[in-house]
Number of protein chains: 2
Amino acid sequence: MSALRHTLSVDLGARSYPIYIGRGLLDADLLRAHVPSRQVLLVTNDTVAPLYLQRLQASLGDLQVAHCILPDGEQYKTLETLNRIFDVLLQKRFDRGCTLIALGGGVVGDITGFAAASYQRGVHFIQVPTTLLAQVDSSVGGKTGVNHPLGKNMIGAFYQPRCVLIDTDSLNTLDDRQLSAGLAEVIKYGLINDAEFFAWLEQNHQLLRQRDADALAFAIHRSCADKAAVVAADERESGQRALLNLGHTFGHAIETGMGYGAWLHGEAVAAGMCMAAQMSLRLGWFDAVELQRLLALTAACGLPTWAPAQLGAERMLELMAVDKKVLAGKLRLVLLKGIGQALVSADFAAEALQDTLNRGLSQA
Amino acid sequence: MSALRHTLSVDLGARSYPIYIGRGLLDADLLRAHVPSRQVLLVTNDTVAPLYLQRLQASLGDLQVAHCILPDGEQYKTLETLNRIFDVLLQKRFDRGCTLIALGGGVVGDITGFAAASYQRGVHFIQVPTTLLAQVDSSVGGKTGVNHPLGKNMIGAFYQPRCVLIDTDSLNTLDDRQLSAGLAEVIKYGLINDAEFFAWLEQNHQLLRQRDADALAFAIHRSCADKAAVVAADERESGQRALLNLGHTFGHAIETGMGYGAWLHGEAVAAGMCMAAQMSLRLGWFDAVELQRLLALTAACGLPTWAPAQLGAERMLELMAVDKKVLAGKLRLVLLKGIGQALVSADFAAEALQDTLNRGLSQA
């Protein structure tokens, strides 16, 4: 059934867990084998539910399975939606031994993970990501949470799943825009510390956009492996994990400023990475040829390379000031010394950022 | 200033922290010495704020201190109130290095602790409990959270403070009903595993209700020491920590059934302990003489010994079924083999509970 299956491990001592990547995994017995409880709540959204909910439910036939279907979209990643999950759990009298399974994209995964972290102060959690973005990024590493009107992902917990199950066939039902958004996070791993992967993406982005199964499986596996290594070294982001936020300070500002859901997270991150690269160039750290390579790959993946013109530089700065990487009043950014060489730095003149925003936005 | 000061430690490895108990500690430099950040949010309620907020703020004069004043009462221990804390933190642009200080009773401590656990996935947290109940119980041990309309403390996190600062002088402004409610948790420690302390309470409850400073300091110190030992051995309640819930399954049912805030938490726990003792007697585990001692001490402390008559046995059972100690559909209760000998058990006939509720409620 699952001809090709990759298995990775996120190495976190007693909280280590496997990531399974392959075709047809939703129909295999893998999921059932990882559920440690009788009571299971499947959380998904109204886009994914008609496609995969029944199949997943069928594979858990002998258990007490309930489901909770959330509205689809970043604008619903709120405390109010979180509370809907608690409503179901309590109405069904789910106990402290129960398991929550997130079936869907990054929003479903983040909100379900935070529900699992908080319900009765912590229950079991499994990720079944169905979007490329969730498969390569948000389902791995244990960051969970919801948004606040004043900032993205400002409320949440570090909470690791028991396993991550990635059925690459689920990408066949993903629309093109969502697929492109996922590619933004894939490009990110190349940029941060994997120049070889970046070069591979320059050669193979067409195959990925055409949903070639082998190319997708390779890209997902490589992305998860890159991320798992960083998370294992720095679970709670006291150091190098912050590199994974490349493009995210700019990106979160775009998402918050445009209203959650207007831009997809991956689109905002793509624009944010290009802006970080542009600023790095202005600082004399990054090379113009490499910048052109990044802009070309980003555009070839169907992704934006700048923030929307309507967000002025001033508003962007204001929104960036609430970033989680701000410490002691100082904004820290992930910037680039080269493709495959990201760094976290607060060591730049405020004007470098301001000029980047002014110039970039006038070009947009 | 602080003539008599006790210091205890909650021994949790890298997350160990001190508990300071004494008079005038709010005016000492102790708090300032434990704040690790420039940004501080004081969270309190509208009863405590006029009494102590300024004094606490003054002791942190050189820092960037903001405050958030919540409405007083268990009925406000909700996700909505929690969100008010996030509103302030984000409006003030507090970063991931900031510190939240809970100044107040159990509700303020629980909700502020959960805010600290969740804001940007975790910031610093300090407890300054001002009610007897918070001083002897809820401020120690890291249980944080909010209520859901369908169950008490169903949403939360285990999150330890950096220190607990108990100024026994703050009890001088506590009303009699609140003081009695705190005594319920004090009696609890005696009942669970400290028969000597129970006997001391039988001799000294008058002094406590008269707010004798030495008696209070002794009772608080002994209670915190008893609790700290249990928490150090079983932080996440996989075993013996459940004993600390003596009276709480009955008690939470009373609180939820009557509407949060109608009964004080300590009042509900007092009634719950007497009901657990009555049930233990019915099971042949507990002695009638010891039951009389418990009922006498509880009444002498101004506390109820039964659930309110208006909650029928059926409703109580329904409410008790959502308890966090339910596992695999089986209700587990903390019961008594004697004063100072509590145990967790699911090993009882359903009728024993039902009969206890029927008989007890008809007596009420």
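This one's a predicted model, so the numbers in the text were calculated from it and none came from an experiment. (Residues numbered from 1 in each chain as written. Chains lettered and ligands numbered in written order. Predicted model: local features only at pLDDT ≥ 70, side-chain atom pairs only at ≥ 80, totals over all residues.)

(A) Focus on the overall build of chain A. Looking only at helices and strands, one finds 13 helices and 11 strands in chain A. A globule of 364 residues ought to have a C-alpha radius of gyration of about 21 Å, and chain A, at 20 Å, matches this closely. Viewed in the frame of its principal axes, chain A has a C-alpha envelope of about 60 × 40 × 35 Å. Considering only intrachain contacts with a sequence separation of at least 6, the fraction spanning at least 24 residues in chain A is 75%. (Helix = DSSP H or I, 4+ residues; strand = E, 2+ residues; numbered from the N terminus. Rg over C-alpha atoms; globule rule 2.2 N^0.38 Å. Contact = placed C-beta atoms within 7 Å.)

(B) Representation of the interface of chain B and chain A in the model. Each partner contributes residues to the interface: chain B has 30 residues there, and chain A has 30 residues. Take the side of chain B that touches chain A: its biggest share by element is 6 residues, from strand β8 (residues 151-158) of chain B. Among the residues forming the side of chain B that touches chain A, the class breakdown is 15 nonpolar, 9 polar and 6 charged. (Nonpolar A, V, L, I, M, F, W, Y, C, P; charged D, E, K, R; others polar.)

(C) Region of interest: the pairing of strand β7 (residues 143-148) of chain A. Residue and element names in this part refer to chain A. In terms of residue burial, β7 counts as a mostly covered element, since 6 of its 6 residues are buried. Pairing analysis gives 5 bridges linking β7 to strand β8 (residues 151-158), with the strands arranged antiparallel. Bridge pairing links Thr-144 to Ala-157 in β8. A loop of 2 residues connects β7 with β8, the two strands running antiparallel in sequence. (Buried ≥ 20, exposed ≤ 12 C-beta atoms within 10 Å, placed from the backbone. Pairing = 2+ DSSP bridges.)

(D) Examining the packing of helix α6 (residues 176-193) of chain B against helix α7 (residues 195-209) of chain B more closely. All names here are of chain B. Look at α6 against α7: their axes get within 8 Å of each other, and the N-to-C directions meet at 160°. By the angle between their directions, the pair α6 and α7 is classed as roughly antiparallel. Where α6 crosses over α7, the two elements pack in a sense that is right-handed. From α6, Leu-179, Leu-183, Val-186, Ile-187, Tyr-189, Gly-190 and Leu-191 reach across to α7, where they touch Ala-195, Phe-197, Phe-198, Leu-201, Leu-208 and Arg-209. Taken together, the residues of the contact of α6 with α7 break down into 11 nonpolar, 1 polar and 1 charged. (Axes fitted to C-alpha atoms, helices over the stretch in contact; angles between N-to-C directions. Parallel < 35°, antiparallel > 145°, perpendicular 65-115°, else oblique. Left-handed = near helix turned anticlockwise from the far one by under 90°.)

(E) How the structure looks around helix α11 (residues 288-300) of chain B. All names here are of chain B. The terminal C-alpha atoms of α11 lie 18 Å apart, and with 13 residues this matches the ideal 18 Å at 1.5 Å per residue to within 8%. All of the buried residues in α11 are Glu-290, Leu-294, Leu-297 and Thr-298. In a view along the axis of α11, the buried residues occupy a sector of 100°, so they form one face of it. Facing away from the buried side of α11 by more than 90 degrees, the exposed set consists of Ala-288, Val-289 and Gln-292. (Expected span 1.5 Å × (residues − 1). Arc of directions from axis to C-beta.)

(F) Local environment of the domain arrangement of chain A. Residue and element names in this part refer to chain A. We note that the domain assignment places domain 1 (5-173) and domain 2 (176-363) within chain A. Each of domain 1 and domain 2 has a C-alpha centre, and the two are 25 Å apart. Facing 31 residues of domain 1, the contacting portion of domain 2 comprises 30 residues. For the side of domain 1 that touches domain 2, the leading source of residues is helix α5 (residues 132-138), giving 5 residues. Residue classes in the side of domain 1 that touches domain 2 are distributed as 13 nonpolar, 12 polar and 6 charged. (Domains from an automatic or database assignment.)

(G) Molecular detail of the relation of the copies chain B and chain A. After a rotation of 180° and a shift along the axis of 0.0 Å, chain B superposes on chain A with an RMSD of 0.0 Å. The superposition operator between the copies reduces to a two-fold rotation axis. Scanning chain B for the C-alpha nearest the rotation axis identifies B:Leu79, at a separation of 3.8 Å. The share of interface residues of chain B whose copies in chain A are also at the interface is 100%, consistent with both copies meeting through the same surface. (Least-squares fit on C-alpha atoms with pLDDT ≥ 70 in both.)

(H) How the structure looks around the environment of A:Asp287. All names here are of chain A. Locating Asp-287 in the fold gives a position in the loop between α10 (265-282) and α11 (288-300). The partly exposed category is assigned to Asp-287, around which 16 C-beta atoms lie within 10 Å. Residues Asp-287 and Ile-339, spaced 52 residues apart in sequence, show a C-alpha to C-alpha distance of 9.0 Å.

(I) Representation of the packing of helix α9 (residues 248-258) of chain A against helix α12 (residues 313-320) of chain A within the structure. Residues and elements named next belong to chain A. Contact pair α9 / α12: the axes reach a minimum separation of 9 Å and the direction vectors enclose 110°. Our classification of the angle between α9 and α12 gives roughly perpendicular. Contact with α9, carried on its side by Thr-249, Phe-250, Ala-253, Thr-256 and Gly-257, involves Arg-315, Met-316, Leu-319 and Met-320 of α12 and no other residues of that element. Residue composition of the contact of α9 with α12, grouped by class: 5 nonpolar, 3 polar and 1 charged.

(J) Highlighting unusual backbone geometry. Residue and element names in this part refer to chain B. Phi angles above zero are rare outside glycine, and Gln-120 is one such case at about 50°. Along the chain, the position of Gln-120 falls in the loop between α4 (106-118) and β6 (124-129). Located in the positive-phi region is Glu-237, a residue other than glycine, with phi close to 55°. Structurally, Glu-237 is set in the loop between α8 (213-233) and α9 (248-258). C-beta crowding within 10 Å serves as the criterion here: with 21 such atoms nearby, Glu-237 is assigned to the buried category.

(K) Representation of the environment of A:Gln64 within the structure. Residues and elements named next belong to chain A. The topology assignment puts Gln-64 in strand β4 (residues 64-70). Judged by the 14 C-beta atoms lying within 10 Å of it, Gln-64 is partly exposed. Spatially, the C-alpha atoms of Gln-64 and His-148 are 33 Å apart, while their sequence positions differ by 84 residues. Beyond its immediate chain neighbours, meaning those up to four positions away, Gln-64 contacts Arg-38, Gln-39 and Val-40.

(L) Up close: the nonpolar core. By size, the foremost hydrophobic cluster in this structure holds 231 residues, and its most contacted members are A:Val43, A:Leu103, A:Ala276, B:Val43, B:Leu103, B:Leu191 and B:Ala276. Excluding residues within four positions of it along the chain, B:Leu103 makes contact with B:Leu42, B:Val43, B:Thr44, B:Val48, B:Tyr52, B:Leu53, B:Leu56, B:Val108, B:Val128 and B:Thr130. (Core = buried A, V, L, I, M, F, W, Y, C linked by C-beta atoms within 7 Å.)

(M) Quick look at α10(A). All names here are of chain A. In a regular helix each residue adds 1.5 Å, so 18 residues correspond to 26 Å; α10 covers 26 Å between its end C-alpha atoms and thus fits that length. In terms of burial, α10 is a largely internal element, 16 of the 18 residues being buried. Downstream of α10 by one or two residues, Gly-284 has phi in the positive range, about 80°.

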